[in-house]
Amino acid sequence: MNIQLSIIIPIYNSQLYLKKCLKSLLKINLDAIEIIIVNDGSNDNSMNIVNEMKDKFVYIKIINQINQGLSTSRNNGINASQGKYIMFLDSDDFINEVDLINICNFLEVNNIDFITFRHNVVDNNYNIISTIKDFPNLNILNKNEVFKDFFINEVLPGFSCSKIYKKELFKNNNIYFPINMYFEDMPTLVKLIGKSKNIAYSNIILYNYVQHNESITNKVTIKRDLDYFKSINMVIENLNKLKVDNSLYINWYFNKLSYLYKNTQYNKVKKEIAQIYIIKFFSILLSVNIRLKEKIKVVINLLIYFYNSNFKKCK
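Here's what I pulled together on the structure shown here. (Residues numbered from 1 in each chain as written. Predicted model: local features only at pLDDT ≥ 70, side-chain atom pairs only at ≥ 80, totals over all residues. Heavy atoms only, no water.)

1. Section: the environment of Asp113
1) Next: Among the secondary structure elements, Asp113 is positioned in the loop between α4 (100-109) and β6 (114-122).
2) Next: For Asp113, the residues in contact, after removing those within four places along its chain, are Ile164, Tyr165, Lys166, Leu169, Ser196, Lys197 and Asn198. (Helix = DSSP H or I, 4+ residues; strand = E, 2+ residues; numbered from the N terminus. Contact = heavy atoms within 4.5 Å.)

Here you go:
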């Protein structure tokens, strides 16, 4: 069995979207493509849908596990994969008709560690809401150029889907998704970029991200907001380990903190952010690498935090 690409699909109670996801795979050449279904303890009709369709795939592997979350499902899929390249497909999303084997051949010939594609955002009825813009630079890039695109130019999407990776990029560097948290993609992607020599962009629209209210990250919970806070701090920790110049990401970091402070409704999250502001206050104000608008946001958020804290004490 000569498997060139493994497509890893974690499934948890995905019956509303799964058939569309799997049918989208039937439009492509599957001769050297392995489909890995990781059933994360589904208790709906998801696996009946898989069993109805499994004979349509040339190579398919089904992994059943107790519910452990998206990250563990992806990690188990990586370990079970036999392809030289891997791709992640969430079970509520779907892909377009693209010659994935030809793309894998391109990656091999050019020794590319991973390639990222454009994607659509679609609604529940699969109407396109938006499409990512063309990538301006289609040359093969190094990690420093891609870090600039990610943190300054905001060109590179920060999620793990819509990309094809060399499997050895994960296995040789012991890179796995952090478990038991949301927003696990960002710190993982930073590790992958940091260990890559050659990265490519493609203006092919491969992926369709389905935006729906059932998505966990769309539900307002304290865990979601704390995990977002944890994720952006993990990004910074990983960048420090990689010895990346902080002028590349410092504005991104404080912009993300300000965004979370503004949008969270949980005082615990606001307190965590405020503590970072307080500890780093003078270094933030004196830094020549931090934009004035980010410094202003920090000051405003701190004033709001102290005002609200004192107001509650006075009540």
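2. Looking at unusual backbone geometry
1) Next: The phi angle at Asn13 is positive, at roughly 50°, despite the residue not being glycine.
2) Next: Residue position: Asn13 is located in the loop between β1 (5-11) and α1 (18-25).
3) Next: The phi angle at Ser162 is positive, at roughly 65°, despite the residue not being glycine.
4) Next: Residue position: Ser162 is located in the loop between α5 (143-151) and β8 (163-166).

3. Some remarks on the pattern of salt bridges
1) Next: This structure, assessed with the given rule, holds 13 salt bridges.
2) Next: Among the ionic pairs, Lys268 bridges to Glu272, the shortest N-O distance being 4.0 Å. Taken together, the positions of Lys268 and Glu272, both in helix α10 (residues 267-279) and four residues apart, correspond to about one turn of that helix.
3) Next: Overall, Lys268 belongs to the partly exposed group, its relative accessible area being 47%.
4) Next: For Glu272, a relative accessible area of 27% gives the class partly exposed.
5) Next: Three or more residues joined by partner-sharing salt bridges are found here, namely Arg74, Asp90, Glu184 and Asp185. (Salt bridge = Lys/Arg side-chain N within 4 Å of Asp/Glu carboxyl O. Buried < 20%, exposed > 50% of the residue type's maximum accessible area, 1.4 Å probe, protein only.)

4. Some points on the packing of α1 against helix α2 (residues 46-53)
1) Next: Interhelical geometry of α1 versus α2 gives an angle of 25° and a closest axis separation of 10 Å. Accordingly, the angle class assigned to the pair α1 and α2 is roughly parallel. The two elements α1 and α2 meet at a crossing, and its hand is right-handed. Contacts between α1 and α2 involve Leu18, Lys19, Leu22 and Lys23 from the former and Ser46, Ile49, Val50, Glu52 and Met53 from the latter.
2) Next: Of the residues assigned to the contact of α1 with α2, the class counts are five nonpolar, one polar and three charged. (Axes fitted to C-alpha atoms, helices over the stretch in contact; angles between N-to-C directions. Parallel < 35°, antiparallel > 145°, perpendicular 65-115°, else oblique. Left-handed = near helix turned anticlockwise from the far one by under 90°. Nonpolar A, V, L, I, M, F, W, Y, C, P; charged D, E, K, R; others polar.)

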